[in-house]
Amino acid sequence: MTRHALRRYALRLVSLVTALGLWQLLTGLEVDLWLRFSQFPTVTDVAHAFAGRLTGSDYWTDLTDSLTRILAGFLLAAVLGVAVGVLVARSRLAEDLLGPVLEVVRPIPAIALVPVAILLFPSNEQGIVFITFTAAFFPVLVSTRHAVRALTPVWEEAVRTMGGGRWRILGSVVLPGALPGIFGGLSVGIGVSWICVISAEMISGQYGVGYRTWQDYTVVDYPGVFVGMVTIGVLGWVTSTAVELLGRRLTRWLPRTSYVPGGRSRSVVLPAPASARVPVVVKAEGDSQYQSDAQQQGSGETEQEARDEHLV
C-alpha cells in the first residue's frame, strides 16, 4: 500500500472519529440551541445498546431476514431491469408496448405500493420482496436504456460487416458497451432498495432491521433506534461497495485516469496503431509540451505524405 493510499485512509478515519466526537460532545452537554440534542442518546449509550444486541439471537435473525429480502428483490430487479432496458432501447415495438406503462408506474414511490403488495401477495414476506424489487427495478431500467441508446453505431456496423448477427452484437457490443451505465443504475438501485425494504418492514414486516427499529421507537428505546439506524447504514455501505467493486472488475478494460495530488492527472501512454509510430498521449490540461511535440510530428508526417504523392 502506497503512502498516498495510507493518507487517504487516515483522512477517512479522522472524518469518522470527528463526527462521532462531535455527536458525543453535543449530546453529552445536552446542547439545545435550535436542534434539541438533549433528546438524543450519546455515542456511549448507543455502543452499550449495540453490544447488548450483538450477544442476542434476535439481532442476527433480523439481519438475516433483511439481507435475504434485499438480495432476492435486488437480484430479480437487476436481471429484469437490464433485460427490459435493453429490449426497450433496441426495439421500437417493445418501446411502444411497454414504454407508456413503465413511465406511468415509474413515478409512483415503491413504499406507496405497500397496500397493493398486501392485497396482491398471500404473505407479507413476498410483498416485501416485491417492494424491494420495484424500488431497484426502475433505476436499473432507466440507466440501461440510456446507456444502450448512447452507444455509437460504428461498433454495431463493424460487427455486421464481419458477419455477426443480432445475438453477436448483443454480446459483443451492446452489453459490454452499456456496462458502466448499467452498474450506475445498480448502485442507485441497491441504495433505494434499502430505503424501501426498511420502510416496508416497519409497516408490514414481522422480522427484520426495519421492524425491530420501529418496535424500539414504540417502546421509547432510543438507543435501540440508533442501533437499527447504524446497522442499516453499515449494510447499505457494504452492499453498495460490493456492487461498485464488481462493476470495476467487470469494466477493468475501460481506460481510467489516475489521480495525482495537485490538480494534475497522470499521463497515460496508449498503444498506437501499427501504421502510426507516434505514441498517443493522454495528458492533463496545461501540458503544452506534449501538445507541441505531437503537432510537430503530425505536421512532419503530413509533409512527407505530400512529397510522396508529388513523386507519384
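See above for the structure.
Note that the coordinates shown come from a computational prediction; the quantities given were computed from them, not determined experimentally.

Caption draft 1: Summary view of the layout of surface pockets. Taken as a whole, the largest pocket encloses approximately 460 Å³ of empty space. If you trace the largest pocket, you find 14 residues lining it, with Leu16, Leu20, Val230, Val234 and Trp237 closest to the centre. Here the lining of the largest pocket gets seven residues from one element, more than from any other, and that element is helix 1 (residues 3-28). A breakdown of the residues in the lining of the largest pocket according to their chemical character gives 13 nonpolar, no polar and one charged.

Caption draft 2: Quick peek at the packing of helix 1 against helix 2 (residues 43-54). Where helix 1 contacts helix 2, the axes come no closer than 8 Å and their chain directions differ by 110°. In terms of axis orientation, helix 1 runs roughly perpendicular to helix 2. From helix 1, Leu20, Trp23, Gln24 and Thr27 reach across to helix 2, where they touch Val43, Thr44 and Val46. Considering only residue class, the contact of helix 1 with helix 2 consists of four nonpolar, three polar and no charged.

Caption draft 3: Structural detail: unusual backbone geometry. For Glu30, which is not a glycine, the phi torsion comes out positive at approximately 50°. Among the secondary structure elements, Glu30 is positioned in the loop between helix 1 and helix 2. Taking the relative accessible area as the measure of exposure, Glu30 reaches 51% and is therefore exposed. Even without a glycine there, the phi angle at Val220 is positive, about 60°.

Reading the values: rules and limits
- Residues numbered from 1 in each chain as written.
- Predicted model: local features only at pLDDT ≥ 70, side-chain atom pairs only at ≥ 80, totals over all residues.
- Heavy atoms only, no water.
- 1 Å grid on protein atoms, 1.4 Å probe; cavity = no way out; pocket = protein on both sides within 12 Å on 5 of 7 lines; lining within 4 Å.
- Points joined across faces, edges and corners; volume = space filled by probe spheres on them.
- Helix = DSSP H or I, 4+ residues; strand = E, 2+ residues; numbered from the N terminus.
- Nonpolar A, V, L, I, M, F, W, Y, C, P; charged D, E, K, R; others polar.
- Axes fitted to C-alpha atoms, helices over the stretch in contact; angles between N-to-C directions.
- Parallel < 35°, antiparallel > 145°, perpendicular 65-115°, else oblique.
- Contact = heavy atoms within 4.5 Å.
- Buried < 20%, exposed > 50% of the residue type's maximum accessible area, 1.4 Å probe, protein only.

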